[in-house]
Each structure stands twice: as C-alpha cells, then as structure tokens.
Amino acid sequence: MSSFVDSPNGIFPSVCSLDCPDQCGLLLHKKNGKIIKVEGDPNHPVTKGFICNKVRNMTERIYDKKRLKYPMKRIGAKGEGEFVRISWEEAINTITTRWKELLQSDGAESILPYSFYGNMGNLSAEGMDRRFFNRLGASQLDRSICNSAGAAGYKYTMGGSYGTDPEDTIHTKLFIFWGINAVSTNMHQVAIAQQARKQNGAKIIVIDVHKNKTARIADWFIPILPGTDTALALGLMHILFAENMVDSSFLEQYTVGYEELREHVEQYDPVTVSGITGIPVEDIVQLARMYGKTSPAFIRIGNGPQHHDNGGMFVRTISCLPALTGQWLVKGGGAIKGNSGYLAHNTANLQRPDLLKNKKTRVINMNLLGEALLTLDPPVKSLYVYGTNPAVVAPAGNKVRSGLKREDLFTVVHDLFLTETARYADIVLPATSSFENTDFYTSYWHHYIQLQQPVIEPFEEAKSNIEVFRLLAKGMNFTEAAFEETEAELIDQSLANPKNPYIKEINFETLSKHHYLKAKARFPDSFPTPSGKIELYSEKMKQDGYPPLPTYVPLIKDSDHYFQFIAAPNHNFLNSTFANQTKHIELEKEPVVVLNCEDAEKLDVKDGDQVRVWNERGECILKASVGVNVLPGVAVTQGLWGAEKGTKHLVNALTPDRIADMGGGATFFSGRVTVEKIILEC
Ligand SMILES: Nc1nc2c(c(=O)[nH]1)N[C@H]1C(S)=C(S)[C@@H](COP(=O)(O)OP(=O)(O)OC[C@H]3O[C@@H](n4cnc5c(=O)[nH]c(N)nc54)[C@H](O)[C@@H]3O)O[C@H]1N2
Ligand SMILES: Nc1nc2c(c(=O)[nH]1)N[C@H]1C(S)=C(S)[C@@H](COP(=O)(O)OP(=O)(O)OC[C@H]3O[C@@H](n4cnc5c(=O)[nH]c(N)nc54)[C@H](O)[C@@H]3O)O[C@H]1N2
Ligand code: SF4
Ligand SMILES: [Mo]
C-alpha cells in the first residue's frame, strides 16, 4: 500500500494533535508534496468540518522559516539563544556520553524528563519516552500542570473520568459553562449548545470571573469572585434540598451520603453564599430553580476554577450536582469534566513500567520545576524537555528561568522551534510536526479514537519523539526489544486493553480503514469508587485527610496585594503554541490586563494605559482594558505570550507555585498582584 507521503497531491485524513478537548478530524490538502490547506473533515461526527482559526492557519507554523531544521549545540550564554549546527550523530553522542557519566557520578535520578502534551498523540506524549526513562531509572515527573487537581476531585465523587457523551447534549435544555471559556477552548460544545438553543430553546449560562468570549454569547452571565465556586455549588444544593428539587430515587439507588449532605448544606444558605461569591441572593435562588427544574441540564466543568488552591474540592463538589437531580440518567443531562476513562488504553503495554524493575525512583512535581532546579538535593543535573515550554508555561517563571540558567545543568530540548526554554539548552533537537508521524489520538471530551498517518516527509532533519528515544536507547546500549517496535505495533499493544471493553474492536487495522472510530461507551451503572456508587460522602477523602463532604475552603491569601490575578489562556494561541507565529500574534494584538472601572479610577488608570503588574515573584507590563468585564478586586489577563514582544509579557513571572489541595495541581489563578499606572518621564 502506498503511503500518503508518496502522493504529492491530494486530500488526506488527519487529526488535530493539540491539547484541546475537541480533537478535530482534519483534511490536509497537498500540492507538490506540501500541505497547502488545513480544513475540518466534514464527515467527522462531532467536529463536522469546523475547526478553529488557530489550526486553519497551521501551515504558517509547519512551514515557518523559524522552524528548527537540524540539531544544534549552544555557543552563547544560557538564555541568549546562540547555537551552531551539529549532526544527529554528534547530538545523540553528546547526550548519551553525558548521561553515562551522570549514571556513574550521580545516579540515574540526577536526570529529569520534563514533558507535556504539546502533541497529544499517545505514542509521542507518553510512549517510547516512558519506556526509555523507565529503563534508565531517571527521576519521574508528576505531570500535574493541567487538570490533575480537578481529576482527583472528580475521582472522589465519580470514581473515574466518565461523563456525558457530548453528542447527546444536542437534547440538552440548560447548558452551564462553569469556569470554561468554551468559545475558545471547546468550540464544538458551544456549537452543539447553540444548535440546541435554536432547535429546542435551550438556555446557556456562563459562570466565570471574566466576561470572556463565552460569557458574551450566553443567555445569562453570572460573574463570581475567584475561588468561591464551591460555595456557590453548596448554596445550590441547599436550595435543591430545601425546595425538594432532588431526585430521591436516584439518590437512593446510585449515591452514598445524601442524608449527611442534606444536613451539611444547611449552613450554605443563599445569604451566606452571596456574601462569599459576590452573587446576589436572588440570582443564586434563580439559578438553583433553573437547574432543579430544567431537564436535561448539563454542566461543562472547566479547567479554570481548578487552577486554584481549592481546585480539587471545587470539582469534587460540582460533580455532585447532577446526582442530586438525577440528571446522569437523562440523555443530554449530567456533566463533563473529562471523558478519558471511556477511551482508556493499555498504558502498561505502551509505557512498560516493568522496565523500571521495581526501582523506587523519586517523583518530582512539574509545577515545582523552579524549586526543583534550584534547591533539590541530590540535585537535578540534567533536564530533557519535550512537548512543553516550561520557561513560559510553568508557574513562578522567574524561578524556572533561574534554574535553567544553572551552568552545571545539562539541558536538552526537543521541539519544533527555538522556544524560550530551548534558548537555555545545551543541545537542541528538531521535532517533526504531527502531520509527519504515525500516532493514535484519544479525545478527553468526545468518544472517538483517531489515527494519524504521515502525510508529508519529515521537515529537514526533524525527528519524532518516538524516533529520538529509539536513537537514545541505542546510544545508551539498551538492547530490549521494547525500543525496536514499530508505531503500528505500539498502537496495537496500546489498544489491546482487556480492562476497557468499549474499545474492543479498535486497532491499527480498523483505524487505518476508518481513520476515526467511536468507543462503544455508555455511562457506567456502577462507578469505580470504593462503594460502587457516586460518593456524596467519601470515606476515602476522610482517610486522605480531606473533609468527607463537599466543603468550601477559601483561597490562601498569600499577600496583601489588592488584586486577585487570573492569567488564563487566549483565543488564538494554544498555551504558548502559536505565540511565536506572526499571524496569530497579529490576531491577538497585545497582552492586556482587564480591570474594573471602579478600580481603574482609583488607580488613575485609563483604558489603553500601560500598567505595571507586580508582586514578590516578578513583574509584567500590560495594557489596561478598563470596563465592567470583571468584578472589582479581580485582574484578568489572557494568553501565554512568549518573549517575542519582550520578557515583560511572561505572565507566569507572577503566578504562585503553591500546590493545590488535590492531585499535586497548579494554582495559576490564586496569586495576588498590585497594578500601577506607569508614569512616563518626558
Ligand atoms: N484557544 C485556546 N484553546 C485552548 C487552550 C488555549 O491556550 N487556547 N488551552 C488548552 C488547554 S491545555 C486547556 S487545559 C483548556 C483550558 O480551557 P478552559 O477549560 O476553558 O480553562 P481556562 O481557560 O484555564 O479557564 C477557563 C475560565 O475560568 C475562569 N476562571 C478562573 N478562575 C475562576 C474561578 O475561580 N471561578 C470561575 N467560575 N471561573 C474562573 C477564567 O476566567 C476562564 O475564563 O483549553 C485548551 N484549549
Ligand atoms: N498562567 C498560566 N499558565 C498556564 C496555564 C494557564 O491557564 N495560565 N495553563 C497550563 C496548562 S492547563 C497547560 S496544559 C500547560 C501547557 O503548556 P505546554 O505543555 O508547555 O504547552 P505549549 O505551550 O503549547 O507547548 C508545547 C510545546 O510542545 C512542542 N511540540 C509540539 N509537538 C511536539 C512533538 O511532537 N514533539 C516535541 N518534542 N515537541 C512538540 C511545541 O512546539 C511547543 O513548544 O500550561 C500551563 N500554564
Ligand atoms: S485546536 Fe481544538 S478546535 Fe482547533 S482544530 Fe485543534 S482540536 Fe479543533
Ligand atoms: Mo491544559
């Protein structure tokens, strides 16, 4: 069979590899061996041919002149970005020689892999790399920067990552987008909601600290003070019980602890909750009645509110709501936090933890990268970064960059671009784009597994993560067959998962034929919690040192700075990806900080003024956007801008590296800052 790569012209199936729940089906148009257009696959049952502007402009990125073409070694100071070309042979040899020395002098745990989901392909993001670092016995990375607090909280209530099938939400009559800027971050859920609004008069509610793009299309936007959502959810429960809007037979059959919960939420009366959340009493009551009386009612639980000190408890609490009303059994009712449980593949086959031979290697939380590089004893002596850009995306960014500057740290970065992180590397390796690789993709929102087969030749000398780890394994003289296996073999091993009957018929062959296949998933009758039921009361939480019932815990007030600072993603970048593409930068214009007019007036700041935003961790210079899009005391910025427009836009210079209440999660949004007008001297 000839491959897609061999045909210089045509239209080929593909899938979006970015860290986005929608995981769109794509069609790549090729002419003379080059991709000239990226469009949505109209036959994809969920994404239906619509894709975001970011990826419609993807050719800008994959053929960008700035793309890394060959391996390089550093000749300037760390961070300056001066490199010279070397061969792959020299690169692999330099890395493996240094690592062999470190194995002798400091042991394997002095080496730390640092990666995330810049490419969501399972083989690229957590395949051959895991095999390699297990075999090496390197320090392990706790990959907790994104959704881990929320995932842990959801698990306490529901047992695993199972929610509503988004395709069913076409029947939904009430959509609550809770702490999710879905117009930018889950556009097809919005498309379904808008269709449902047209078809059956569905209502869309947005609960957020910012009147973002999603709030602007809502029927009702409810502004809330940061980190107080748990109190709101408890207030809703109070009213649902008090006004008898709960589904007793569901509670009886499928949950544990509803009697305890009923008593417990008596304290969260609307007046108390209003005082905590900043939401008027009558709005809380109206919201509870709408939620209690509309069916199907669906909550899309966002990632935003779980990036707080109390983020795990937030998700644990919200995910109890559909159980109170019995909405889990209604087609189109329920909630989605994440749906990855339905598509769970065989991670042991893919990642081969057996290669670690039961060694108890230390685990380092990725949110503490700066701390780890600066203070850990025994120290990290080598860092291997791939699929992530920690100099921009990790919290407490100034600490991260100081750590990366350490002269005795041997850093390797594998990426498509000379990212801010790569500028600190000793060796830089060029990565292929996902369109150049074979991989399989499992959405964490819809129920489809998709295959990517290479559509174009590797760019210049770029190599995939899988190939680089094969080369590193050879360089380290690892002889296990695990490092020889082909992508097709890895995919078949991964999809052979007796624990997940939903994906039984999906394998490399069936995927090659159909490109995407839906798991035969359905909402579980029994839940993988200790009791087998939805746990409104959780004994496990008690054992783990948490309140067993959903409980509001205020944010940690880490300083007296006036503003609560929310540095969220933006529309045209994906984390820091695209923050170096001219087209995407032009669309975003420049980084702003959104302030309430009352606050701005007190600070004598006018719309459009440059302001200094600072705290003990660092400072940024941003443009003030003044209005009523945030409550007083809240400052919101959007986008993980790179250093293209100067380092004063690296917003993570300001974010805390405290760890959230659960799952080792990040607390990006729980920091405080002062905002000051910049007085220009003539
Ligand atoms: N365009 C675009 N799409 C993306 C990304 C991107 O950078 N750009 N990133 C991708 C990734 S990795 C992820 S994890 C997802 C994240 O996407 P989302 O799930 O949308 O999460 P965030 O964008 O982090 O935050 C969502 C909202 O939470 C709000 N928020 C912050 N604190 C609170 C709070 O205390 N209460 C409430 N109610 N709201 C709060 C913010 O104002 C923001 O509007 O998006 C993915 N998709
Ligand atoms: N202030 C603030 N900070 C945040 C967040 C926030 O909301 N606010 N969100 C956080 C969240 S939720 C997340 S998920 C993280 C995400 O942060 P990151 O995981 O760092 O995501 P990106 O910035 O998109 O960087 C991904 C990198 O992977 C590279 N890449 C893509 N494909 C491949 C490949 O196949 N191989 C290799 N080797 N490299 C590849 C890309 O070129 C890019 O440089 O950021 C976190 N940081
Ligand atoms: S980033 Fe999200 S919306 Fe855009 S093409 Fe990729 S999966 Fe679709
Ligand atoms: Mo994320």
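As shown above, the structure is provided for reference.
Bear in mind that the values here come from a model prediction, so they are computed numbers and not experimental data. (Residues numbered from 1 in each chain as written. Chains lettered and ligands numbered in written order. Predicted model: local features only at pLDDT ≥ 70, side-chain atom pairs only at ≥ 80, totals over all residues. Heavy atoms only, no water.)

So, about the pairing of strand β2 (residues 25-31). Within a regular strand, side chains alternate between the sheet's two faces. Most of β2 is tucked away, with six of its seven residues classed as buried. As paired strands, strand β1 (residues 10-15) and β2 are joined by six bridges and run antiparallel to one another. Within β2, the residue paired with Ser14 across the bridge is Leu26. Where β2 lies against strand β3 (residues 34-40), six bridges are found, and the strand directions are antiparallel. Across the sheet, the residue bridging to Lys31 is Lys34, located in β3. Where β2 hands over to β3, the hairpin turn is made up of two residues, of which Asn32 adopts a positive phi near 50°. (Buried < 20%, exposed > 50% of the residue type's maximum accessible area, 1.4 Å probe, protein only. Helix = DSSP H or I, 4+ residues; strand = E, 2+ residues; numbered from the N terminus. Pairing = 2+ DSSP bridges.)

Our next topic: helix α8 (residues 187-200). Relative to the 20 Å expected for 14 residues at 1.5 Å per residue, α8 spans 20 Å between its end C-alpha atoms, a close match to the ideal helical length. All of the buried residues in α8 are His188, Gln189, Val190, Ile192, Ala193 and Ala196. Elements in contact with the buried residues of α8: β8 (174-178), α7 (182-185), β9 (203-208), β12 (297-301) and β13 (334-336). One or two residues past the end of α8 sits Gly201, with phi positive at roughly 65°. (Expected span 1.5 Å × (residues − 1). Contact = heavy atoms within 4.5 Å.)

To continue, consider the environment of Phe469. By the element assignment, Phe469 lies in helix α21 (residues 465-475). Taking the C-alpha atoms as reference, Phe469 lies 25 Å from Gly370; in sequence the two are 99 residues apart. When neighbours within four sequence positions are excluded, Phe469 is seen to be in contact with Met128, Asp129, Phe132, Phe133, Tyr384 and Tyr386.

Put simply, the second largest pocket is a space of about 440 Å³. Lys213, Arg216, Glu588, Val592 and Gln638 are, among the 19 residues lining the second largest pocket, the residues nearest its centre. For the lining of the second largest pocket, the secondary-structure elements that each account for two or more residues are α9 (213-216), α25 (582-588) and β23 (592-596). Residue classes in the lining of the second largest pocket are distributed as five nonpolar, ten polar and four charged. Of the domains in this structure, domain 2 (163-337) and domain 3 (563-677) are the two that each give at least three residues to the lining of the second largest pocket. (1 Å grid on protein atoms, 1.4 Å probe; cavity = no way out; pocket = protein on both sides within 12 Å on 5 of 7 lines; lining within 4 Å. Points joined across faces, edges and corners; volume = space filled by probe spheres on them. Nonpolar A, V, L, I, M, F, W, Y, C, P; charged D, E, K, R; others polar. Domains from an automatic or database assignment.)

Across the sheet, three strands lie side by side as β1-β2-β3; this open sheet has antiparallel pairing. A single partner strand is all that each edge strand has here, and the edge strands are β1 and β3. Across the sheet, the mean angle separating the axes of adjacent strands is 30° when strand polarity is ignored. (Axes fitted to C-alpha atoms, helices over the stretch in contact; angles between N-to-C directions.)

A few words on the site of ligand 1. Neighbouring residues of ligand 1: 31 residues in total, closest Asp208, Gly227, Asp229, Phe573 and Asn575. Between ligand 1 and Gly227 there is a distance of 2.8 Å, counted from an oxygen atom to a backbone nitrogen or oxygen. His308 places a polar side-chain atom, nitrogen or oxygen, 3.0 Å from an oxygen atom of ligand 1. For ligand 1, the accessible surface in isolation is 910 Å², of which the surrounding protein chains cover 95%. Grouping the constituent residues of the shell around ligand 1 by class yields 13 nonpolar, 14 polar and four charged. Per-domain counts for the shell around ligand 1 show at least three residues from each of domain 2 (163-337) and domain 3 (563-677). (Near = heavy atom within 4 Å. Polar contact = N/O pair within 3.5 Å; in protein donor to acceptor, adjacent residues only side chain to side chain. Areas by Shrake-Rupley, 256 points an atom, 1.4 Å probe, with all protein chains shown as cover.)

Time to look at the packing of aromatic side chains. Here the structure, examined in full by the defined rule, presents 26 aromatic pairs. Ring geometry for Trp99 against Phe132: centres 5.9 Å apart, planes inclined by 40°, an arrangement best described as tilted. Pair noted here: Trp99 is in helix α3 (residues 88-105) and Phe132 is in helix α5 (residues 128-136), with a separation of 33 residues, a long-range link. The exposure class of Trp99 is buried, given its relative accessible area of 0%. Judged by its relative accessible area of 0%, Phe132 falls in the buried class. Their ring planes at 65° and their centres at 5.8 Å tell us that Trp99 and Tyr384 sit as a pair that is edge-to-face. Of the two residues, Trp99 sits in helix α3 while Tyr384 sits in strand β15 (residues 382-386), which places them 285 residues apart along the sequence. You can call Tyr384 buried: its relative accessible area is 0%. Of the aromatic side chains, those joined through ring pairs into one cluster are Trp99, Phe132, Phe133, Tyr384, Tyr386, Phe469, Phe478 and Phe483. (Phe/Tyr/Trp six-rings, centres within 6.5 Å; stacked < 30°, edge-to-face > 60°.)

Turning to the sheet that holds β12, a few remarks are in order. Taken in spatial order, the five strands of this open sheet run β10-β9-β8-β12-β13, and their pairing is parallel. The open sheet has two free edges, formed respectively by β10 (220-223) and β13, since each of these has just one partner strand. The mean inter-strand angle of the sheet, taken between neighbouring strand axes irrespective of direction, is 15°. The pairing of β8 with β12 spans five bridges and is parallel.

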